[in-house]
Amino acid sequence: MTRHDTLREESVAYGLHINGRDHAVQAGWLGESLLYVLRERLGLPGAKNACEQGECGSCSVLLDGVLVCSCCVLAADAVGSDVRTVEGMGDDGELTDVQQAFLEAGAVQCGFCIPGLIVAVHDLLDRRPDADELSVREAISGNLCRCTGYGRILAAVAAVQRERAGA
């Protein structure tokens, strides 16, 4: 028996509920991260693969409404849970107010870290629409951005807060 045969025997099929839809994962391996399955098996590239250690936040998703780094979650552990990625934040492909504000504020320079930041900001503002700047900084502190700078990101978040407050 070859190593390939052994891996094939260890593969499993399971389902994940992502962005309101059920997805079948065929020939999966129980040790695969949720990030790997999202990107490589299901074609959802929004969550980015950077550090694979939960340090940069580029792979942030909501798992049953809780912000997590998908690189640190086994996909098999997400069975029966509701997974929401950046692709599922808006309705029918429309930009959300957070995504639009990031564009208008110029907070999307290279864009690599932005999906994780968008998910983190949605998570914060859905829970605390009136979060002060310190709370916003804390909420996005797990998301590393090396090129845009946080000033424009903070401006985008403030714009969303003003818009949602009707100011």
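Above this text sits the structure in question.
Any covalent bond linking the sulfur atoms of two cysteines counts as a disulfide. Throughout the structure, instances matching the rule amount to zero disulfides. Cysteine Cys72 remains unbridged, with the sulfur of Cys71 as its closest cysteine sulfur at 3.7 Å. Residue Cys147 stays outside any disulfide, its sulfur separated by 3.5 Å from that of Cys110, the closest cysteine.

Relative to each other, helix H3 (residues 97-105) and helix H4 (residues 114-127) sit at 125°, their axes nearing to 10 Å. One element, H3, and the other, H4, form an angle in the oblique class. Of the two elements, H3 crosses H4, and the hand of that crossing is right-handed. Contact residues: Asp97, Val98, Gln99 and Phe102 in H3; Ile114, Leu117, Ile118, Val121, His122 and Leu125 in H4. Of the residues in the contact of H3 with H4, the class split is seven nonpolar, two polar and one charged.

For the rest of this paragraph, the subject is the side chain of Ser58. Tracing the sequence through the fold places Ser58 in the loop between helix H2 (34-41) and strand S3 (60-63). Relative accessible area serves as the criterion here: at 2%, Ser58 is assigned to the buried category.

Where H4 contacts helix H6 (residues 150-165), the axes come no closer than 12 Å and their chain directions differ by 35°. As H4 packs across H6, the resulting crossing turns out to be right-handed. Of the residues in H6, those touching H4 at Leu117, Val121, His122, Leu125 and Asp126 are Ile153, Val157, Val160, Gln161 and Arg164. Taken together, the residues of the contact of H4 with H6 sort by class into six nonpolar, two polar and two charged.

Moving on, we get to the nonpolar core. Val98, Phe102, Leu117, Val121, Leu125 and Ile153 are the most contacted members of the largest nonpolar core, which totals 24 residues. Contributions of two or more residues to this core are made by H3, H4 and H6. When residues of this core are assigned to their parent elements, the largest contribution, seven residues, is made by H4. With residues near it in sequence (within four places) discarded, Phe102 still touches Ala107, Val108, Ile114, Leu117, Ile118, Val121, Ile153 and Ala156.

Reading the values: the criteria
- Residues numbered from 1 in each chain as written.
- Predicted model: local features only at pLDDT ≥ 70, side-chain atom pairs only at ≥ 80, totals over all residues.
- Heavy atoms only, no water.
- Disulfide = S-S within 2.5 Å.
- Axes fitted to C-alpha atoms, helices over the stretch in contact; angles between N-to-C directions.
- Helix = DSSP H or I, 4+ residues; strand = E, 2+ residues; numbered from the N terminus.
- Parallel < 35°, antiparallel > 145°, perpendicular 65-115°, else oblique.
- Left-handed = near helix turned anticlockwise from the far one by under 90°.
- Contact = heavy atoms within 4.5 Å.
- Nonpolar A, V, L, I, M, F, W, Y, C, P; charged D, E, K, R; others polar.
- Buried < 20%, exposed > 50% of the residue type's maximum accessible area, 1.4 Å probe, protein only.
- Core = buried A, V, L, I, M, F, W, Y, C linked by side-chain atoms within 4.5 Å.

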